[in-house]
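# Analysis of the macromolecular model
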Amino acid sequence: MDGVGQLLNPIVQAGNDSLLSLFLNNLDEHQTFWTDPKSDLETIFSKISALLANAATRNHALKTLHFMLPHCPLEIVEEKAQHYITVCEKVCNLHKSPESITLVYAVLKQLLLHSINSAELRKLISSHLSTFILHPLGTNFEASANPHFLTVLEVAMRHYSGVCGALKTRIEQFLYSLADATDPQTVLGTATCMLLLQQIRGGGQHGTLHKKTWEEYYGKLVDTIHELLNKVFAHTPETFDEQTNLECLKLPALPPTNDPLRTAQLVVVRVNNLIVWLEHAIVGAYAVPKPIAPFKALNLVLRGLSVTCGAMSKNAITENVAFGTFLPRIQRSLLGVLDGLINTLGSHMLIFAELICDAFVKCLRATQNVRHGATGQKKSFTQLRAKVYESIAVWCERMNYGSSIENANEQILEHIVRDITPFVGEVTLKMDANSLKRLSSKAKKKLQKERNAATALNQAHSNGAVYAERKEQLIDTGNEELCREALKCLTIVLQSAGCFIKPVTHKLLQERIVPLCFSLVTTNQSTRGLYRDANTRIGLLRSFAALITNPHHRCPPPLQYAMHIFTSLRTADPSVEVRSVAGELARSAELIIHPWKETLYFPVEQASIKEALTNKERQPLAKVLLETEAPIVTEIMKAAKLSPSKQTPEQVIEVDDMADDSEGEINESLAVTEGSEESEDHGHVDEITDEPEGWVEEVSNASNHQVEKVTTNGSTGVVNNMESYNDGIIHASTPEDKLAEPSIVSIEDSDEEQQPTPNIADADGDDDDDVVEVPLDEESGTGSTTSGGKKHSLTHESNGTPNKMAKLSEAESGNDKAKNVDDIVAEMVAEFVDEP
């Protein structure tokens, strides 16, 4: 939109931050601002420079720069970069407010990103990188500025590894000082920079130094976490031996304190941060393949999961209880490391399948709800159990049928069923009408009294009142996340190992899942109960669909209920997402019950198909393909595009030499025909033409003019290649009055070359595999050779012009196997359309 830049100057001058942010966000949509002649960019940037000079308006100007620099033209950035860096240095030296420091590093990050595409700007940044941009490495500044400084440090280490390599020790000490950070963004940024720190120096030959530094960093991380776990489990018996002789990172010492809870908090924070570093070291991008020793990290995970809160509570000293309160958090972090190992190593983790599945079962058993009478309330260890279900889903999804989860599926499914079953407040017993005849009058009065009490209790629960016997309504508040993860885990377990689960287990799951799905239809579960969350109801429907699509062959799925449930929920559920998923699953179930088949026959006009295939270049899509084709220009193609009059024989031979030097590459100037396999036993040398001509590669669709010559047992036949109608044919740029011989490419193995053939003119005597083009003689039908022939020489093929095809039609008329074009098109159409 033209003229939009006229609004920026008064807004910048006004100094209204809220209006400026709103306008700059909208300005991002109108990129015409940078090309609008009415927007005086020089005036606007001059105004920004004036605002930067004033301390009262500096933050306003920095915020404007932060929005404008990502799309600012490179010429303006190169001109203004020196001034902006000077202002940013001044702000940092004055130790202004944390907001100013945050904006400074946001602007510096944009300047670093711009310097990637500018050599002049790169020189400027390199000169200021060690003196100013990385200056806070030796100073302490506000903790809120750490995430923003780490983003600048990350960009600098990625694109200025040489300058950062000289500061490696200072960077390492700065990152070590952030080992006890509590901000998640700071922890993640530190982990990223620690991994980049291992690759800012030279990698040596084949990246051996990179591999060595990563392996040392990986080993020290694991040993440091083991040392901290020794403190956590100091008063708890372990099944794993305590790790000794550890080579740890040189982290700063923990602050001394006499408070056991404070000590536990400091140790656990550092443990969790180092576990995040370890996870990022495993899954993060690296310059070379990482030499991961999986059992080293897996042993750490299994050690952390082996100790339970119940075991720690047996020794009820203050320090042990304090560490036990943080144990679920540590175990969730260790499960994240296990997920990283599974996603990174894939099938290489299958040798540890039994250990991993046993760890899942033990962790679920240790965190199950052991309190009696707590049904309907928030369960214990919901976050840890949800993370276990998530890790089981990652394992099954990554390993599929090789996950071996079927060996432990019954124990896992027991916990899943408990976590997905909602609380039922009261149970009403119903008696048959015939049973009342046998009761006495006193028993009938007592039964009627109980029914009246049950009716009043139900009404009290439905109205939301708690006056009925003053009992609390228990509706599973807080268990929605656990139920959602359990349903997702059940779905993926069925998808990865459904056929390996016992039929009786399938039947039991159906008896639990189907009534839960019916409860969504018959009762209003959207306002109360465990399934009041829409995502939980979606998880239940998808688990029901997994039961249908992944059955056991001896236990048929409950299709008779599926369509009723899905079609009812697609209109009755109050959530739009649930209705959409129910409609999707209803269509999938319909395809299972009534699979599609061809019931009606629609005749196809063969003439229209023939015309469309013959003139497919007229289609709009063909024009788009030609417009969007990315040209790849190489030196060989440049030489090949020379005109025939300007090309000399020396140039042709030079192109041939370049084609010979390309080892293992496909020579695009060779056309492989159907006779290449049959001519494998015959060695022929292509004939060098007297007048070498340039090549223009042109791919066209096969039509009734395209003819190939096929050599079979020494005879030549002409076949219309219409059955492969979409094969590309390479044509030469020869005049219409000249007819070049089509070639047959023969690929010979090294074993066949050991027996010399008199037809092969191997001037060089190489043992490499040869690709030889053999021109065909129209009269004799055999390949002709020339003593002066050269391997990989270029020959030309007919380009399908009328004069050339008229000459080829003489050879076609003598072939009894030639087919009419209409017959070929009819056969081609019959492949796609069933004839009546």
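Residues numbered from 1 in each chain as written. Predicted model: local features only at pLDDT ≥ 70, side-chain atom pairs only at ≥ 80, totals over all residues. Heavy atoms only, no water.

## Examining the overall build of the chain
Of regular secondary structure, the chain possesses 32 helices and six strands. The burial tally for the chain puts 43% of its 836 residues in the buried class. Nonlocal contacts in the chain, meaning residues at least 24 apart in sequence, comprise 76% of its contacts between residues at least 6 apart. Of the accessible surface of the chain, which amounts to about 45,400 Å², a share of 52% is contributed by carbon and sulfur atoms. (Helix = DSSP H or I, 4+ residues; strand = E, 2+ residues; numbered from the N terminus. Buried < 20%, exposed > 50% of the residue type's maximum accessible area, 1.4 Å probe, protein only. Contact = heavy atoms within 4.5 Å. Areas by Shrake-Rupley, 256 points an atom, 1.4 Å probe, with all protein chains shown as cover.)

## Structural notes on the nonpolar core
Grouped together as the largest cluster of nonpolar side chains are 177 residues, with contacts concentrated most on L111, W277, I392, W395 and F566. No other element matches the twelve residues that helix α16 (residues 318-345) contributes to this core. Leaving out residues up to four positions away in the same chain, W277 has contacts with L175, Y176, A179, V187, T190, A191, M194, Y217, L221 and L249. (Core = buried A, V, L, I, M, F, W, Y, C linked by side-chain atoms within 4.5 Å.)

## Some points on the packing of aromatic side chains
A complete count under the given rule lists seven aromatic pairs for this structure. Both rings, one in Y401 and one in F500, keep their centres 6.0 Å apart while their planes meet at 85°; by these two values the pair is edge-to-face. A residue pair is termed long-range when its members are at least 10 positions apart, and Y401 in the loop between α18 (382-399) and α19 (409-420) and F500 in the loop between α21 (480-497) and α22 (503-522) qualify at 99 residues. Members of the aromatic cluster, each reached through a chain of ring pairs, are Y105, F149 and F174. When the ring centre of Y160 is taken as reference, the NZ or CZ atom of R122 above it lies at 4.5 Å. (Phe/Tyr/Trp six-rings, centres within 6.5 Å; stacked < 30°, edge-to-face > 60°. Lys NZ or Arg CZ within 6 Å of the ring centre and 35° of its normal.)

## Concerning unusual backbone geometry
Positive phi values are uncommon outside glycine, yet F381 reaches one of about 55°. Position of F381 relative to the elements: it lies in the loop between α17 (353-366) and α18. Taking relative accessible area as the criterion, F381 reaches 30% and is therefore assigned partly exposed. Its identity as a non-glycine residue notwithstanding, S404 has a phi of 60°, on the positive side. If you trace the backbone, S404 turns up in the loop between α18 and α19. Look at S404 and you get partly exposed, because its relative accessible area is 24%.

## So, the packing of helix α23 (residues 534-549) against helix α24 (residues 559-572)
The N-to-C vectors of α23 and α24 enclose an angle of 150°; their axes lie 11 Å apart at closest approach. For the element pair α23 / α24, the angle class is roughly antiparallel. Both α23 and α24 take part in a crossing whose hand is left-handed. Residues L541, F544 and I548 of α23 form the contact with α24, whose participating residues are L559, A562, I565, F566 and L569. Each residue belonging to the contact of α23 with α24 can be placed in one class, and the counts come to eight nonpolar, no polar and no charged. (Axes fitted to C-alpha atoms, helices over the stretch in contact; angles between N-to-C directions. Parallel < 35°, antiparallel > 145°, perpendicular 65-115°, else oblique. Left-handed = near helix turned anticlockwise from the far one by under 90°. Nonpolar A, V, L, I, M, F, W, Y, C, P; charged D, E, K, R; others polar.)

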